[in-house]
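Residue-level structure breakdown
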Amino acid sequence: MTIPLDGLSLSEQAEVCRELEGLGYTDLWSAEGMHADGFTPLAVAAAVTTHVHLGIAIAPSFTRGPALLAQTAATMAATAPGRFTLGIGSSSNVIVEKWNSIPFEKPLSRNRDLLRFLRAALAGQRVEQAYDTFSVEGFRLGVVPDPAPNVLLAGLRGKMLSLAGEEADGAIINWLSAEDVEQVTPIVGAHGPREVVARIIVAPTADADVARALGRRLITTYLNVPVYRDFHRWLGRDDLEPMWRLWEEGDRKAALAAVPDQVVDDLVVHGRPEEIREHLRRFVDHGVTTPIAMLLPVPGVDPREVCRDLAPR
């Protein structure tokens, strides 16, 4: 499950995490975008749980310096030994450049260099290295976690997925259908078995009209970002071409209406609890090792009750 749960105050999240572990959830994963930072919710969860796995998907590769990211990850890993995973990824030019005033340049190279630095740093080595995208002079962690955390890389296609399989412990994927997973996992697994974490959008309602309305807004918001548009063209989702054309023409209302029901149903999981559970299982059947539900806020729906309904059986 993705934490913190949307619709609840941050002051309630400790009790939520304790309950989620008690319900049998195996993993609690944070995100880092527009809302809470990615590490504080995990620290809260670590303080009130004993065995649930904790992960971040993702920490942007640009917004923390290499040493600070290593220190933060090492601190989390030492706080919850053996149950923390660090996910990194390029993020976006909006978050990196427009919000943090950092050049968004050579994301593939940045991720490659960061993976190599983190391998050395989290193993307790002294790092004195000029990488292609940054340099580190004389850094050694003061807190060396044992064991070192796995490091995953977020990717959409091609070279980034290959890098995740070659130099990371696996990949983090999102914004794809269960069937799309089969197009992605062979690239990640070309170098051997790897973890594949998928963040899966869930609209917890049996009202298909409500779920599709929420889904259409998200799809037009995210899938018009160039990297996601290119990703879905690569996946072969030609039925989004009318939406993309209308969006580029500036007709937002028509673009929203042009998103087919089937696309929403493929990319946004919704329905009764047993239907949601079965849809999530399809992701595992197609190659995802760790499915992470991200609950959308639905008016009148208590996210805690949804978590109880969707708890592992």
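Everything below is about the structure printed above this text.
Keep in mind it's a predicted model, so treat the numbers as computed, not measured.

Some thoughts on the packing of aromatic side chains
Here the distance between the centres and the angle between the planes together describe a pair of aromatic rings. Applying the stated rule across the entire model yields seven aromatic pairs. Note on F62 and F104: the rings are 5.2 Å apart at their centroids and 50° apart in plane angle, and the pair reads as tilted. Linking F62 in the loop between strand 2 (53-60) and helix 3 (66-79) with F104 in the loop between helix 4 (93-99) and helix 5 (107-122), this pair joins segments that are 42 residues apart in sequence. Of the aromatic side chains, those joined through ring pairs into one cluster are F117, Y131, F134 and F139. One residue, R252, lies across the ring of W247, its end atom 4.0 Å from the ring centre.

Things to note about the side chain of N111
You can see N111 is positioned in helix 5. With sequence-adjacent residues up to four places away left out, N111 is seen in contact with S61, I88, G89, S90, L153, M160 and L163.

So, the pairing of strand 3 (residues 84-89)
Of all six residues in strand 3, six are buried, a share of seventy percent or more. What you see with strand 3 is no split at all: F84, L86 and I88 on one side and T85, G87 and G89 on the other are buried throughout. Of the crossover connections in this fold, the one passing from strand 2 over helix 3 to the parallel strand 3 is right-handed. Bridge analysis of strand 3 against strand 6 (residues 150-154) gives four bridges, and the strand direction is parallel. The residue bridging G87 from the neighbouring strand is L152, located in strand 6.

What about the environment of L122?
Along the chain, L122 turns up in helix 5. Since its relative accessible area comes to 3%, L122 is described here as buried. Along the primary structure L122 and P145 are separated by 23 residues, whereas in three dimensions their C-alpha atoms are 7.0 Å apart. Apart from the residues lying within four places of it in its own chain, the contact partners of L122 are A70, A73, A74, L141, V144, P145, A148, P149 and V151.

What about the packing of helix 9 (residues 226-235) against helix 10 (residues 241-248)?
At a minimum axis distance of 11 Å, the contact between helix 9 and helix 10 shows a crossing angle of 155°. Considered as vectors, helix 9 and helix 10 are oriented roughly antiparallel to each other. Classified by chirality, the crossing of helix 10 by helix 9 is left-handed. Mapping the contact onto sequence places R229, H232 and R233 in helix 9 and E241, W244 and E248 in helix 10. Residues that form the contact of helix 9 with helix 10 fall into these classes: one nonpolar, one polar and four charged.

Focus on the pattern of salt bridges
When the charged atoms of two side chains lie near each other, side chains of opposite charge can form a pair. One pass over the full model with this rule turns up 24 salt bridges. Residue D261 pairs with R212 through a salt bridge whose shortest N-O separation is 3.6 Å. One end of the pair, D261, is in helix 12 (residues 261-267); the other, R212, is in helix 8 (residues 208-222), with 49 residues separating them in the sequence. A relative accessible area of 35% means that D261 is categorised as partly exposed. The exposure class assigned to R212 is buried, which follows from its relative accessible area of 19%. The salt bridge partner of E305 is R308, with a shortest N-O separation of 2.5 Å. Highlighted residues: E305 and R308, both in helix 14 (residues 303-310), separated by three residues, approximately one helical turn. It is possible to trace a salt-bridge network through shared partners that takes in R157, R229, D230 and E248.

Section: a nonpolar patch on the surface
Taken together, the side chains of M34, V94 and W99 make up a nonpolar region of the molecular surface, amounting to roughly 330 Å² of accessible area. Relative to the helices and strands, V94 is located in helix 4. Overall, V94 belongs to the partly exposed group, its relative accessible area being 32%.

Things to note about the pairing of strand 1 (residues 27-30)
Here strand 1 shows a buried face lined by D27 and W29 and a second buried face lined by L28 and S30. Of the pairings in the sheet, the one linking strand 1 to strand 2 comprises four bridges and is parallel in character. The residue of strand 2 that forms the bridge with W29 is G55.

Considerations on the nonpolar core
Counting 94 residues, the largest nonpolar core has L86, F117, L118 and I219 as the members making the most contacts within it. Of all the elements, helix 5 adds the most residues to this core, at seven residues. Ignoring anything within four residues of it in the chain, the contact list for L118 reads L69, A70, L86, I88 and V151. By size, the runner-up hydrophobic cluster in this structure holds eight residues, among which are I58, L152, I172 and I292.

Reading the values: rules and limits
Residues numbered from 1 in each chain as written. Predicted model: local features only at pLDDT ≥ 70, side-chain atom pairs only at ≥ 80, totals over all residues. Heavy atoms only, no water. Phe/Tyr/Trp six-rings, centres within 6.5 Å; stacked < 30°, edge-to-face > 60°. Helix = DSSP H or I, 4+ residues; strand = E, 2+ residues; numbered from the N terminus. Lys NZ or Arg CZ within 6 Å of the ring centre and 35° of its normal. Contact = heavy atoms within 4.5 Å. Buried < 20%, exposed > 50% of the residue type's maximum accessible area, 1.4 Å probe, protein only. Right-handed = clockwise from strand over helix to strand, strands pointing away. Pairing = 2+ DSSP bridges. Axes fitted to C-alpha atoms, helices over the stretch in contact; angles between N-to-C directions. Parallel < 35°, antiparallel > 145°, perpendicular 65-115°, else oblique. Left-handed = near helix turned anticlockwise from the far one by under 90°. Nonpolar A, V, L, I, M, F, W, Y, C, P; charged D, E, K, R; others polar. Salt bridge = Lys/Arg side-chain N within 4 Å of Asp/Glu carboxyl O. Patch = residues over 30% accessible without salt bridge, like charges linked within 9 Å, V, L, I, M, F, W, Y side chains within 5 Å. Areas by Shrake-Rupley, 256 points an atom, 1.4 Å probe, with all protein chains shown as cover. Core = buried A, V, L, I, M, F, W, Y, C linked by side-chain atoms within 4.5 Å.

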